[in-house]
Amino acid sequence: MTQNTGRFSRKEVTYIEVPCPRLGTPCWNCTSHSLANKRPTILVDRKRISVAQYMWCQYHGPWPDGMDVFHECHNNLCINPDHIRPGTRSENIKEKIRLGIRKLKLSAEQISEALLSPLSATELAEKFGVSQMTVVRARTKAGQYRGGLREPTYIEVPCPALGTPCWNCTSHAVTRTNPYPNILVGDKRIRVAKYMWSKRYGPWPDKMEMLHACDNKLCINPDHIRPGTQKENVQEAVERGRFKHGGAK
Ligand SMILES: [Zn+2]
Ligand SMILES: [Zn+2]
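Residues numbered from 1 in each chain as written. Chains lettered and ligands numbered in written order. Predicted model: local features only at pLDDT ≥ 70, side-chain atom pairs only at ≥ 80, totals over all residues.

A. Up close: the overall build of the protein chain. From N to C terminus, the protein chain includes 8 helices and 13 strands. Counting all 249 residues of the protein chain, 27% fall into the buried class. A separation threshold of at least 6 residues defines the contact pool for the protein chain, and within that pool the share at least 24 residues apart is 42%. (Helix = DSSP H or I, 4+ residues; strand = E, 2+ residues; numbered from the N terminus. Buried ≥ 20, exposed ≤ 12 C-beta atoms within 10 Å, placed from the backbone. Contact = placed C-beta atoms within 7 Å.)

Next up, the structure:
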């Protein structure tokens, strides 16, 4: 096979002029290139950069190392080199916070999502419009808590299966291998749902498994869980189609 150069050939940059409420000159909204992270991007020397940065370089020369793209017009679609300048990362974040584009804190739902999501902190930060540190902090706070017991917190979400709402845990982490939020009680790690149940109904019965009536692994509402035998648990799983048979029909 010959080199697949055609795939990397540069597409011509086109745009439409739109009035810019902030600056005197119009924005050039890119119409030729698809968006990544809400910005049009272009492949230059096999590197994906924003079209804005590319356009700036056409007029002003090489892009300064380690600098972010700063939009004076606050329009991510704009590729007008006069509306763009290199800016530091912290300058960029400060400006976004000032404008309310970037939120400082995560909502309870976002924390819950951050704990569950297989996405990286960087990807989640981009999605939520917060700094990467905010996501890392939320995850660390929930996951690697050492020392005393931290009381679980949760948000109520409607439960389609039961009349009462689910309590989706927002304070304690799940891992890739353990989809249930867990909590360190003494030196033992147990499910938060079990902890909540025990708080209301007393010690968890020996050798009993945890059955979620709502089938929502994040739920820690003690009224949605109950102790059950392993047999019951398997039976329920089969009924809900969660259980994959090992081959035998
Ligand atoms: Zn602009
Ligand atoms: Zn529930």
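Resuming the write-up.
B. Representation of the sheet that holds strand E3 (residues 35-36) in the model. Sheet architecture is open: 3 strands sit in the order E3-E4-E5, paired in antiparallel fashion. In this open sheet, the two edge strands, each paired with only one partner strand, are E3 and strand E5 (47-50). Bridge count for E3 against strand E4 (residues 39-44) is 2 bridges, and the pairing is antiparallel. The residue bridging Leu 35 from the neighbouring strand is Pro 40, located in E4. This element, helix H2 (residues 51-60), spans E4 and E5 of the sheet and lies at about 60 degrees to E4. (Pairing = 2+ DSSP bridges. Axes fitted to C-alpha atoms, helices over the stretch in contact; angles between N-to-C directions.)

C. Up close: the confidence of the model for the protein chain. Considering every residue of the protein chain, the mean pLDDT works out to 81; 85% of them sit at 70 or more. Long-range and interchain partners of residues 1-8, a stretch whose pLDDT sits below 50, account for 2 contacts in this model, where long-range means more than four residues apart. In the predicted structure, residues 144-148 sits below a pLDDT of 50 and forms 2 contacts with residues beyond four places in sequence or in another chain. (pLDDT = per-residue confidence, 0-100.)

D. Summary view of unusual backbone geometry. Notably, His 74 is not glycine yet its phi reads approximately 60 degrees, a positive angle. You can call His 74 partly exposed: it has 17 C-beta atoms within 10 Å. Phi is positive for Lys 207, which is not a glycine, with a value near 60 degrees.

E. The arrangement of the nonpolar core in detail. Ranked by size, the top nonpolar core spans 16 residues in total, and within it Val 51, Ala 52, Met 55, Cys 78 and Ile 79 carry the most contacts. Listing elements by their share of this core, those giving two or more residues are strand E2 (27-30) and H2. The leading source of residues in this core is H2, at 5 residues. Ranked by size, the runner-up nonpolar core spans 15 residues in total, among them Cys 169, Tyr 195, Trp 197 and Ile 225. (Core = buried A, V, L, I, M, F, W, Y, C linked by C-beta atoms within 7 Å.)

F. Region of interest: the environment of Ser 90. Residue placement: Ser 90 occurs in helix H3 (residues 89-98). For Ser 90, a count of 10 C-beta atoms within 10 Å puts it in the exposed group. Taking the C-alpha atoms as reference points, Ser 90 and Asp 68, 22 residues apart in sequence, are found 9.2 Å from one another.

G. Highlighting helix H7 (residues 192-201). Looking only at H7, the buried set comprises Val 192, Ala 193, Lys 194, Tyr 195, Met 196 and Trp 197. Where H7 is buried, its residues touch strand E9 (166-169), strand E10 (182-185), strand E11 (188-191), strand E12 (209-212) and strand E13 (225-228). Of the residues one or two after H7, Gly 202 is the one with positive phi, at around 100 degrees.

H. Inspection of the environment of Ile 155 at higher detail. Tracing the sequence through the fold places Ile 155 in strand E8 (residues 154-157). For the pair formed by Ile 155 and Pro 165, sequence separation is 10 residues and the distance between their alpha carbons is 9.3 Å. In this view, Ile 155 contacts Ala 108, Glu 109, Ser 112, Asn 168 and Thr 170; residues no more than four positions away in its chain are not counted.

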